[in-house]
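Fold and contact review
Take a look at the letters that make up each chain.
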Amino acid sequence: MSRKFRFHVLGLPHTITNSEFSACAYTQKVLKFSKMMTDRGHTVIHYGHEYSDLQCTEHVTVLTNKEFEETYGTHDYKSTMFTFDMEHEAYKIFYKNAIEEVSKRKEKNDFLLPFWGVGGKPICDAHPDMIVVEPGIGYAQGHWSQFRVWESYAIYHAFCGLESVGQCQQNNYDVIIPNYFDIDDFDNTQEKEDYFLFVGRVYDGKGVNIVLQVCEYLGLKLKIAGQLDPVYEDFDWPENVEFVGYVDIEERKELIEEGIELLEVPWIDKDN
């Protein structure tokens, strides 16, 4: 019989742990991890927003909707990037309440998981007796806990650097576990429409500029979905491009399901 563990999972102060915040990778990690682990019989205690909606053993409210609205109520995260700061009032309330609520529930050998990395560090610092694990490092700064899960060897190797490798100075508690997805969020059909799809934060760091160039050069229809970087807020989209805005999980599923999977370029000889 496999051993069962107890996980204390920290949500994000500037989002709500539910499917509506699908544009935040960290929030969705919390959502999917909780489902994955409770399905396996582990105990998952989630700390987050009052309106959180996720599969877990226990949800603990550490930030009310009123408190959330007072800090972020006027920000439209569906059209622009998320806004956040550890000095925001919502963060301070979240930290204070989470520290107290974790104290009431923690047991020996419990795990404490700050999915928002350094954004959850004040809570972790208040509980040095717990096993703190950064559970999904895809970010370029922070990396502060003894136990760390990296999303790829690429970012792990970049962090270590050649000097650390040469001196065998890597942290032996580091491990690489790729990001995970809920297969129920995706589907496929043989009836494809004639378009390519870009889903993500709409800014050049994600490569949307390259996608625009390729599709314009080849005369291909392109659909773009996501939050806009300020550079693209008043962008004059080419005729071959349709910007569909923010999409939820069901809308994303439909767009991915119907988009083109294989580009057949006539001047490519696929047999050679």
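Residues numbered from 1 in each chain as written. Predicted model: local features only at pLDDT ≥ 70, side-chain atom pairs only at ≥ 80, totals over all residues. Heavy atoms only, no water.

**Digging into the environment of His 143**
- Here His 143 shows up in the loop between strand E5 (131–137) and strand E6 (147–150).
- Residue classification places His 143 among the buried residues on the basis of a relative accessible area of 10%.
- Sequence separation between His 143 and Val 118 is 25 residues; the distance between their C-alpha atoms is 7.6 Å.
- Beyond its immediate chain neighbours, meaning those up to four positions away, His 143 contacts Glu 134, Ile 137, Arg 148, Trp 150 and Phe 159.
- A polar side-chain atom of His 143 sits 2.8 Å from the main-chain carbonyl oxygen of Tyr 139. (Helix = DSSP H or I, 4+ residues; strand = E, 2+ residues; numbered from the N terminus. Buried < 20%, exposed > 50% of the residue type's maximum accessible area, 1.4 Å probe, protein only. Contact = heavy atoms within 4.5 Å. Polar contact = N/O pair within 3.5 Å; in protein donor to acceptor, adjacent residues only side chain to side chain.)

**Focus on the packing of helix H2 (residues 65–72) against helix H3 (residues 89–105)**
- One can describe the packing of H2 onto H3 by two numbers: an axis separation of 8 Å at closest approach and a directional angle of 150°. Judged by the angle between their axes, H2 and H3 are roughly antiparallel. From H2, Glu 67, Thr 71 and Tyr 72 reach across to H3, where they touch Glu 89, Ala 90, Tyr 91 and Ile 93.
- Among the residues making up the contact of H2 with H3, the classes are represented as four nonpolar, one polar and two charged. (Axes fitted to C-alpha atoms, helices over the stretch in contact; angles between N-to-C directions. Parallel < 35°, antiparallel > 145°, perpendicular 65-115°, else oblique. Nonpolar A, V, L, I, M, F, W, Y, C, P; charged D, E, K, R; others polar.)

**Considering the sheet that holds strand E2 (residues 43–49)**
- Read across the sheet, seven strands follow the order E3-E2-E1-E4-E5-E6-E7 without closing on themselves; strand pairing throughout is parallel. Edge positions in the open sheet fall to strand E3 (58–63) and strand E7 (175–176), since each of these has one partner strand only.
- Bridge count between strand E1 (residues 6–10) and E2: five bridges; the pairing is parallel. Among the inter-strand pairings, Arg 6 is bridged to a residue of E2, identified as Thr 43.
- Each of E1, E2, strand E4 (111–114) and E5 touches helix H1 (residues 25–39); the most contacted strand, E1, lies at about 165° to it.
- Packed on one face of the sheet, H3 meets E1, E2 and E3 and runs near 145° to E3. (Pairing = 2+ DSSP bridges.)

**What about the side chain of Asp 110?**
- Relative to the helices and strands, Asp 110 resides in the loop between H3 and E4.
- Here Asp 110 is in contact with Arg 6, His 8, Arg 105, Met 130 and Ile 131, once residues within four sequence places are set aside.

**Concerning the pairing of E4**
- A two-sided burial pattern is seen for E4, the buried positions comprising Phe 111 and Leu 113 on one face and Leu 112 and Pro 114 on the other.
- For E1 and E4, the ladder comprises four bridges, and the chain directions are parallel. Looking at the pairing, Val 9 lines up with Leu 113 of E4.

**Considerations on the packing of aromatic side chains**
- Summed over the entire model, instances satisfying the criterion amount to 22 aromatic pairs.
- Taken together, a centroid distance of 4.3 Å and an interplanar angle of 10° make the contact between Phe 21 and Tyr 77 stacked. On the criterion of sequence distance, the pair formed by Phe 21 in the loop between E1 and H1 and Tyr 77 in the loop between H2 and H3 is long-range, its members being 56 residues apart. No difference in accessibility class separates Phe 21 from Tyr 77, as the two residues are buried.
- Ring centres of Trp 237 and Phe 243 lie 5.5 Å apart, and the angle between their planes is 10°; this geometry places the pair in the stacked category.
- Overall, the relative accessible area of 28% leaves Phe 243 in the partly exposed class.
- Among the aromatic residues, ring-to-ring pairing joins Phe 5, Phe 7, Phe 33, Phe 111 and Phe 115 into one connected group.
- When the ring centre of Trp 144 is taken as reference, the NZ or CZ atom of Lys 121 above it lies at 5.6 Å. (Phe/Tyr/Trp six-rings, centres within 6.5 Å; stacked < 30°, edge-to-face > 60°. Lys NZ or Arg CZ within 6 Å of the ring centre and 35° of its normal.)

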